[in-house]
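# A structural walkthrough
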Amino acid sequence: MAEAYIVEAVRTPVGRRRGGLAHVHPADLGAHVLKELMARSGVDPAAVEDVVLGCLDTVGPQAGDIARTSWLAAGLPEEVPGVTVDRQCGSSQQAVHFAAQGVLSGTQDLVVAGGVQNMSMIPIAFASRQAAEPLGLTEGPFAGSEGWRARYGDRPVNQFHGAQLIAEQWGISRRDMEDYALESHRRAVRAIDEGRFAKETVPYGSVAVDEGPRRDTTLEKMAALPPVLQGGTVTAACSSQVSDGAAALLLASERAVAEHGLTPRARVHHLSVRGEDPVRMLSAPIPATAHALKKTGMSIGDIDLVEINEAFAPVVIAWLKETGADPARVNVNGGAIALGHPLGATGAKLMITLLHELERTGGRYGLQTMCEGGGQANVTIIERV
């Protein structure tokens, strides 16, 4: 059976909103990690067969196939193509899946996967508004669809509503969410202070470490924040941060490993994606994880480390309740509440952190999952080698 190996992986530090990366052109963010990825791998860049990057809100500097633009902006060979993927927040995790599938199929030997996003420059959902307004169209992908209305009615479809629905359905209190958020910041600060991210990151200018974690946050400060929705319990403190960043991995076949003298760091053990209620939207990691474990014959106890995206605290808390996973193995270095969520780059970023933490701790299996727009979730299981 063919294997797909991760042989190299690197990311930028994550910049906070209006932080040190805010004015960096997205193509230059992408180029930065692509250049470093190829330099670290020692592979002739011309041997790469495709560059698959995730990105949302592809307007302005993120338009025109940012994967191709980033590769060229890096000064890398023109004969190497690129393609941009949008599976909402899971875009760059899906990019890894597409790259791995190309290798597993035997049709490709070396593929770059990753993602890039500058949310300071192009705010979330800005693209849909910019595209719709000049054409006199109703804003939003669902509004006006007769088929959608017949199936789902006129219920609000947005991530904040979805997070609130999860909190209510799983009986998660505001204090539960704030306790979780505080621990995310504590874990992220500890990881930075102990240098756990040093190997996986390449500084961009003066930005050398992730800018998001708040050392001075407290439960008292969180309790003072208003809820995002009137009458709700989810606040900004329990939500992922608006962020900027890029990440990339190099995937290789056994043939490429031998031909280029590469050292595999992990093999892709499993990859899948599942869908669920698009109105609740953010709970899909629960059935997606169950599906992945069933497909592999594994149990949650077989997994040494988990990275589940902290889009909102209730997403992870509900997942923990349903899976019975050990919280001590989940997001051990903090998550998006503290470290940020640069949409199109987050999937690859989490994969890179998962890989490095498996190496640091000597773990064998790592599972990554994340909620995505439309009620979807990718799951990837990697095995350290």
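Here goes a summary of the coordinates provided. (Residues numbered from 1 in each chain as written. Predicted model: local features only at pLDDT ≥ 70, side-chain atom pairs only at ≥ 80, totals over all residues. Heavy atoms only, no water.)

### Description of the side chain of S243
By the element assignment, S243 lies in strand 6 (residues 243-252). If sequence neighbours within four positions are ignored, S243 has contacts with V14, G15, Q117, N118, M119, G340, H341 and P342. (Helix = DSSP H or I, 4+ residues; strand = E, 2+ residues; numbered from the N terminus. Contact = heavy atoms within 4.5 Å.)

### Some details on unusual backbone geometry
Positive phi, normally seen in glycine, also occurs at D65, with a value near 65°. Its location among the elements puts D65 in the loop between strand 3 (50-54) and helix 2 (66-73). Judged by its relative accessible area of 28%, D65 is partly exposed. The residue M281 is not glycine, and still its phi comes out positive at about 65°. Inspection of the secondary structure assignment puts M281 in the loop between strand 7 (266-275) and helix 10 (285-296). (Buried < 20%, exposed > 50% of the residue type's maximum accessible area, 1.4 Å probe, protein only.)

### Here's the deal with the nonpolar core
Nonpolar side chains tend toward joint burial in soluble globular proteins. Residues M177, L282, I303, W319 and V330 are the most contacted members of the largest nonpolar core, which totals 44 residues. Contributing elements (two or more residues each) for this core: helix 6 (159-169), helix 7 (174-193), helix 8 (219-223), helix 10, strand 8 (305-308), helix 11 (313-323), strand 9 (365-372) and strand 10 (376-384). With seven residues, the single largest contributor to this core is helix 11. Sequence-distant contacts of M177, that is, excluding residues within four places in its chain, are made with A167, I172, T233, V234, C238, A313, P314 and I317. Counting 35 residues, the second-largest nonpolar core is a separate cluster that includes V7, A31, M38 and A256. (Core = buried A, V, L, I, M, F, W, Y, C linked by side-chain atoms within 4.5 Å.)

### Some words on the pairing of strand 9
Burial analysis of strand 9 places eight of its eight residues in the buried class, which makes it a mostly covered element. Of the two faces of strand 9, the one carrying Y365, L367, T369 and C371 and the one carrying G366, Q368, M370 and E372 are both buried. Across four bridges, the pairing between strand 8 and strand 9 is parallel. Counterpart to E307 in the pairing with strand 9 is Q368. Where strand 9 meets strand 10, eight bridges bridge the pair, whose relative direction is antiparallel. Counted as the bridge partner of G366 is I382 from strand 10. Hairpin connection between strand 9 and strand 10: a loop of three residues separates the two successive antiparallel strands, and G374 in this loop has a positive phi of roughly 90°. (Pairing = 2+ DSSP bridges.)

### Observations concerning the packing of aromatic side chains
Within this structure, the stated rule accounts for two aromatic pairs. Geometrically, the ring pair formed by W148 and Y152 is tilted, given 4.5 Å between the ring centres and 45° between the ring planes. One end of the pair is W148 and the other is Y152, both in helix 5 (residues 146-152) and four residues apart, which spans about a single turn. The pair W148 / Y152 is uniform in exposure class, with both members buried. (Phe/Tyr/Trp six-rings, centres within 6.5 Å; stacked < 30°, edge-to-face > 60°.)

Function cannot be read off these values alone, since they describe shape.
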